[in-house]
Amino acid sequence: MNVNQSAPPVPPYGQPQPVYPGYHQSSYGGQPGSTAPPNTYGAYNGPVPGYQQTPPPGVSRAPPSSGVPPASTAQVPCGQGGYGQFGQGDVQNGPSSTVQMQRLPGSQPFGSAPLAPVVSQPAVLQPYGPPPTSAQVTAQMAGMQISGSVTPAPPPSGLGYGPPTSLASASGSFPNSGLYGSCPQGQAPPLSQAQGHSGAQPPQRSAPQQASSFTPQASGGPRMPSMTGPLLPGQSFGGPPLNQPNHVSSPPSQALHPGTQMAGPPGPPPPMHSSQQQGYQLQQNGSFGPTRGPQPNYGSPYPGAPAFGSQPGPPQSLPPKRLDPDAIPSPIQVIEDDRNNRGSEPFVTGVRGQVPPLVTTNFLVKDQGNASPRYIRCTSYNIPCTSDMAKQAQVPLAAVIKPLARLPPEEASPYVVDHGESGPLRCNRCKAYMCPFMQFVEGGRRFQCCFCSCINDVPPQYFQHLDHTGKRVDAYDRPELSLGSYEFLATVDYCKNNKFPSPPAFIFMIDVSYNAIRSGLVRLLCEELKSLLDFLPREGGAEESAIRVGFVTYNKVLHFYNVKSSLAQPQMMVVSDVADMFVPLLDGFLVSVSESRAVIISLLDQIPEMFADTRETETVFAPVIQAGMEALKAAECAGKLFIFHTSLPIAEAPGKLKNRDDRKLINTDKEKTLFQPQTGAYQALAKECVAQGCCVDLFLFPNQYVDVATLSVVPQLTGGSVYKYACFQVENDQERFMSDLRRDVEKVVGFDAVMRVRTSTGIRAVDFFGAFYMSNTTDVELAGLDGEKTVTVEFKHDDRLNEESGALLQCALLYTSCAGQRRLRIHNLALNCCTQLADLYRNCETDTLINYMAKFAYRGVLNSPVKTVRDTLITQCAQILACYRKNCASPSSAGQLILPECMKLLPVYLNCVLKSDVLQPGAEVTTDDRAYVRQLVTSMDVAETNVFFYPRLLPLTKSPIESTTEPPAIRASEERLSNGDIYLLENGLNLFIWVGAGVQQGVVQSLFNVSSFSQITSGLSVLPVLDNPLSKKVRGLIDSLRAQRSRYMKLIVVKQEDKLEMLFKHFLVEDKSLSGGASYVDFLCHMHKEIRQLLS
Ligand SMILES: [Zn+2]
């Protein structure tokens, strides 16, 4: 029962963290010496027989949500002893291995029945009730020409939202895009668009001769019917009428409205636009765009847009007009505003239902009872009280949880609490852990569970008096009574087989086939490993890591190495029977680095030489994973496999694959097969790995198709990571690979983990997204979990919620630390509940919504045609916005697009998801790229999806050179580029520098050390190190951006009008994309039309 501090009058949580300061204490808070066990250390120094069969109080009542206990738990009665928390025994972590070093029956591991490709539920495309059928959507789309007139080059099919159109002619000759690490030396096709950059100017804002086309409508209430009139033949649907005088002249009270209102998708900007003023000025207070400009100035400055909307009568002869991009919601402005408004104050988590600052804002968090947004972010912090309301709004209720998130140095890591031999205090019924929301009653002798309302006895050693408010007097001395996040030390009951775990092991498994040797990979890797082994993760200031290491090399056969410290030289053991994999040695395979250093160094020196002359091109893959997993099993520990692999595993062995890449499947009903594994063998293998706590990280070095969709199954299901370095060449890719590897080896990982999310009555977790395995409907099993991976959880109502009590989430993660300690990390979060839809819309977070929607869609492509997935997203978005319009916005003309303030970026971000490579690939995107990105996004946190879908574009030469702050970002559109400047673009995976053709010679010299633009090497990946302010500043910025991201971003220098520029333009996401993706403006118009259709 010790918390980490005892009587000493130090500030409650002031002491250093990782040392578990409290363990030695024998006094339970407030009751010195009462019933404390003499030695609380006993619990984690080894099995204490007396504890093993002590059922927690109330075990006879199983938690209401616990799954059916699997048969194999027979020896551990359900709810009793081990894993009581999760309602079942060691099943989650695999069958209790009674077998050691057992050869697997040949057919068993690989031949078992294939599991579903994804462990959780199949994509449910309509989470909350029936939206219009996709047929309707299709019909709408077929009926319009949204974007045809906007870009000079007519799109192939004229549709912004259709399936990716056949652009093969434009980009089909684009070999390896380099988008995700493919060979950047690939030749890009000539630009298909002649116009290139028009220079610095934003779109021409022509004279207001268009005014007549915006015949003001009669003002008044909604006029939906008239708004949905038929399109004129040949007339592009550009969205709703632009001119909305009724709204434009709206009273100032509009500014207070929570919604963001735009007159017709963005009404005509006021004249200040033509004088180069920022449109942003108008976006304050939630109402933006020209809508507030004085009406008389409504001469349209648009450089010709079609008559937006369906108002008949615009002169057909006028050149097409377009919306003013400055008048529509700007991601840059929203990010900037949030930084300015919320970046200076710490975010204090004491208040229920507070929406945290955006992920793009730097802020500190003070935990005062709710988990930090670094651990949990929600789509909404105010949940509708009833499922009917939720269905009406269609806003997904989801939490993006990063249980082991790394914190900035200024914030303390979770305190570790030791409740002694009886283990963490929990509710007897639902098994929720003690937390600040539990209500103590009867003078402190009992507590009422905040999740299930069950009244529980307070164990004597935990008793404490209550103050006059009913709060325990020791509440602020105990993390579990005052903080949102903390850890409990787990007792042996929480350990597999009722045994405390051994420290984990890392096994490095290196492909030594011809490709790996020839590219220089093996030599580089072996050299690097020598130094990397000194940086294995350690805990709490430990001098050396507890992690043991082992080494395997392979091609068609596997080579195990004995690196026992007593040996003079390493010994190799070859296993050629890959169909029946076993580990040929126990002793000497997994060793401590410090003890076996000399033998390990010798081995790493020898490996490149041993295989230098290999002619073996074929590889196996599944047997490699099998071998690593068996080795961990034999050593009775959890761990991680680092596999370095180069080719499609075509050698005769379990898990053998064939090349089934077929681009012709794109846009067919069979496209989903490209994302599905081609054999069930890997799922079966993953299941075994999870049972053993064996996490797999895969480093791929393909020269061609390797079937990432299949090879990534095991990493994906074991909480591992996949890295891909296409056409790997040491000279080009060394830095990126080394950086990623270093980070991957050093990062702190929790092993053999199980996560459960409990909720208060009324809602429950129904769906999960991420890199994990689930064998029942509640427990998320993670062979490994690092500080970057998130698990996204969707909630649904199963009862009515109460405004007063709100809704509670508790995420409990049971895991083994890098040092082999079994712990529980608890995160609690209280949310508000509402009976008014407006409250829901006021407390949403669009970045989190997009994170959820992207993951939902990316899983959907496994089961549904990609077009269906896209249509579903569009429909859901339209429903969300239509519901707001109908129920929350003040009455106004249907011609106005009205967006909730918190969701005004939903359309632009959703459009980015829709035209991402997974959902709408360009011709240069390979099947492997798509599978790779798909699985990456699955585990991304909100900050990562935010920049991934809407890249950051920074002008490098606009701000004064002395300025030390990061230059302010600009919108991701070609129109924002000036040919006299240089820009940097990054999205977390890719990094570009774009050089305008008109950049001053001096700037070129300072940055590239060449005398003119034409001499800059296109595709350059390293900037020369030059001793001048500009060079230092840009290189410094690149370093800082790389440090912010979880993966090393390789730089590509792109010149304006150069072939490679097409790669760069792919990331200008506000523009129409070559693969047929709509521009932001067009999408907004489309969205408006969808909304109006729903409302009419
Ligand atoms: Zn309970």
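How each quantity is defined
Residue positions are given per chain, counting from 1 as you read along its sequence in written order. Side-chain atom pairs in this predicted model are given and counted only at pLDDT of 80 or more, local residue features only at pLDDT of at least 70, and totals for whole chains, interfaces and linings cover all residues. Based on all heavy atoms of the structure, the side-chain values leave hydrogens and waters out of the count. Segments assigned H or I by DSSP are reported as helices when at least four residues long, segments assigned E as strands when at least two residues long, and all are numbered from the N terminus. In this scheme, a residue with accessible area under 20% of its type's maximum is buried, one over 50% is exposed, and one in between is partly exposed, where area comes from a 1.4 Å probe on protein chains only. Any two residues whose heavy atoms approach within 4.5 Å are treated as being in contact. All accessible areas in this document rest on Shrake-Rupley with a 1.4 Å probe, and a residue is counted as covered only by the protein chains that are shown. Expected helix span is given by 1.5 Å per residue-to-residue step, counting one fewer step than there are residues. Fitting one axis to the seven residues ending at a residue and another to the seven starting there, the bend at that residue is the angle between the two axes. Only nitrogen, oxygen and sulfur atoms count as donors, using a 2.8 Å cut-off from the metal that widens to 3.2 Å for Na, K and Ca. Water is left out, so coordination shells may look unfilled. Two strands are counted as paired when DSSP detects at least two bridges linking them. Note on definitions: angles span 0 to 180 degrees between N-to-C directions of axes, and those axes are lines fitted to C-alpha atoms, for helices only across the stretch in contact. Note on aromatic contacts: the rings of Phe and Tyr and the six-membered ring of Trp form a pair at centre separations within 6.5 Å, being stacked when their planes are under 30 degrees apart, edge-to-face when over 60 apart, and tilted otherwise. We count a charge as sitting over a ring when the NZ of a lysine or the CZ of an arginine lies within 6 Å of the ring centre and within 35 degrees of the ring normal. Definition used in this section: a nonpolar core is a set of buried Ala, Val, Leu, Ile, Met, Phe, Trp, Tyr and Cys residues joined via side-chain atoms within 4.5 Å. Just so you know how the angles are binned, under 35 degrees is roughly parallel, over 145 roughly antiparallel, 65 to 115 roughly perpendicular, and the rest oblique. Note on residue classes: Ala, Val, Leu, Ile, Met, Phe, Trp, Tyr, Cys and Pro are nonpolar, Asp, Glu, Lys and Arg are charged, and everything else, Gly too, is polar. Two distance rules govern patches: like charges are joined within 9 Å, and nonpolar side chains (Val, Leu, Ile, Met, Phe, Trp, Tyr) within 5 Å, applied only to residues with over 30% relative accessible area and no salt bridge. Whenever a carboxyl oxygen of Asp or Glu lies within 4 Å of a side-chain nitrogen of Lys or Arg, that contact is scored as a salt bridge.

(A) Representation of the overall build of the protein chain within the structure. Within the protein chain, the regular secondary structure consists of 28 helices and 29 strands. Within the protein chain, buried positions represent 63% of all 1096 residues. Of the contacts made within the protein chain by residues no fewer than 6 positions apart, 75% connect residues no fewer than 24 positions apart. Total accessible area on the protein chain stands at roughly 37,600 Å², and carbon and sulfur atoms take up 53% of it.

(B) Looking closely at helix H13 (residues 593-610). With 18 residues, H13 ought to run about 26 Å at 1.5 Å a step, yet its terminal C-alpha atoms sit only 22 Å apart, falling short of that. Maximal helix bending in H13 amounts to about 45°, located at valine 599. For H13, the complete set of buried residues consists of Val593, Ser596, Val599, Ile600, Ser602, Leu603, Leu604, Ile607 and Pro608.

(C) Up close: the coordination of the zinc ion. For the zinc ion, the full set of protein donor atoms is Cys427 (SG), Cys430 (SG), Cys449 (SG) and Cys452 (SG), and the range of their distances to it is 2.2 to 2.3 Å. Written as a sequence motif, the donor residues of the zinc ion are C-x2-C-x18-C-x2-C. With a gap of 22 residues between them, cysteine 430 in the loop between strand S7 (416-417) and strand S8 (439-441) and cysteine 452 in the loop between strand S9 (446-448) and strand S10 (455-457) connect regions that are remote in the sequence. Accessibility expressed as a relative area gives 15% for cysteine 452, which makes it buried.

(D) Here's a closer look at the sheet that holds S10. One open sheet accounts for three strands, arranged S8-S9-S10; its pairing is antiparallel. Lying at the two open borders of the sheet, with one neighbouring strand each, are S8 and S10. Averaged over all neighbouring strand pairs, the angle between strand axes comes to 35°, with direction disregarded. Across three bridges, the pairing between S8 and S9 is antiparallel. Considered in S9, the bridge of phenylalanine 440 is made with phenylalanine 447.

(E) Geometry of the packing of aromatic side chains. Per the counting criterion, the structure on display carries 30 aromatic pairs. When the ring of tyrosine 486 is compared with that of phenylalanine 488, the centres are 5.4 Å apart and the planes differ by 80°; the resulting orientation is edge-to-face. The class for tyrosine 486 is buried, based on a relative accessible area of 0%. Looking at phenylalanine 488, the relative accessible area reads 0%, which means it is buried. Seen in terms of ring centroids, phenylalanine 948 and phenylalanine 949 are 5.0 Å apart; in terms of plane orientation they differ by 75°. Their pairing is edge-to-face. The exposure classification of phenylalanine 948 matches that of phenylalanine 949, with both residues buried. For lysine 724, the ring lying beneath its charged end belongs to tyrosine 932, and the centroid distance is 5.5 Å. One residue, lysine 1055, lies across the ring of phenylalanine 1013, its end atom 5.0 Å from the ring centre.

(F) Up close: the nonpolar core. One finds Leu558, Phe560, Ile643, Tyr841 and Leu919 to be the most contacted residues of the largest nonpolar core, which totals 123 residues. Of all hydrophobic cores here, the second largest spans 44 residues; its members include Ala638, Phe642, Phe644 and Phe699.

(G) Inspection of the sheet that holds strand S13 (residues 548-554) at higher detail. Pairing is mixed in the open sheet, where seven strands are placed in the order S15-S14-S13-S12-S16-S17-S18. Single-partner strands in this sheet number two, and they are strand S15 (571-575) and strand S18 (722-724). Between one strand and the next, the sheet's axes are offset by a mean angle of 20°, whatever the strand orientation. In terms of strand pairing, strand S14 (residues 558-562) meets S15 through five bridges, oriented antiparallel. Bridging across to S15, phenylalanine 560 finds its partner in methionine 573. The strands touched by helix H14 (residues 622-634) within the sheet are strand S12 (505-511), S13, S14, strand S16 (639-645) and strand S17 (694-700), with S16 carrying the most contacts at an inclination of about 155°.

(H) Helix H12 (residues 521-532), seen in detail. Compared with an ideal rise of 1.5 Å per residue, which puts 12 residues at 16 Å, H12 spans 16 Å between its outermost C-alpha atoms and is within 8% of the ideal. Burial analysis of H12 places nine of its 12 residues in the buried class, which makes it a mostly covered element. All of the buried residues along H12 are Leu521, Val522, Leu524, Leu525, Cys526, Glu528, Leu529, Lys530 and Leu532. For H12, the elements touching its buried residues are S12, helix H11 (514-518), S13, H13, S16 and helix H18 (730-746).

(I) Spotlight on the packing of helix H22 (residues 906-914) against helix H28 (residues 1080-1095). At a minimum axis distance of 9 Å, the contact between H22 and H28 shows a crossing angle of 110°. With respect to each other, H22 and H28 are oriented roughly perpendicular. Facing H22, whose interface residues are Pro907, Val908, Leu910, Asn911 and Leu914, H28 presents Tyr1080, Phe1083, Leu1084 and Met1087. Its residues assigned to classes, the contact of H22 with H28 comprises eight nonpolar, one polar and no charged.

(J) Broad picture of the pairing of strand S27 (residues 982-986). Counting buried positions along S27 yields five of five residues, so the element is predominantly enclosed. Of the two faces of S27, both are covered, the one formed by Ile982, Leu984 and Glu986 as well as the one formed by Tyr983 and Leu985. Pairing analysis gives five bridges linking S27 to strand S28 (residues 990-995), with the strands arranged antiparallel. When the sheet's bridge partners are listed, leucine 985 is paired in S28 with phenylalanine 992. Joining the antiparallel neighbours S27 and S28 is a turn of three residues, in which glycine 988 adopts a positive phi near 95°.

(K) Structural view of the environment of glycine 484. In this fold, glycine 484 is placed in the loop between helix H10 (479-482) and strand S11 (485-489). Overall, glycine 484 belongs to the buried group, its relative accessible area being 0%. As a C-alpha pair, glycine 484 and histidine 827 span 343 residues in sequence and 5.7 Å in three-dimensional space. Look past the residues within four positions of glycine 484 in its chain and what remains in contact with it is Asp367, Gly369, Asn370, Ala371, Ile826, His827 and Asn828.

(L) Expanded view of a nonpolar patch on the surface. A cluster of nonpolar side chains, contributed by Met572, Val574 and Met610, occupies part of the molecular surface with about 250 Å² of accessible area. The topology assignment puts methionine 572 in strand S15. On the accessibility criterion, methionine 572 (35% relative accessible area) is partly exposed.

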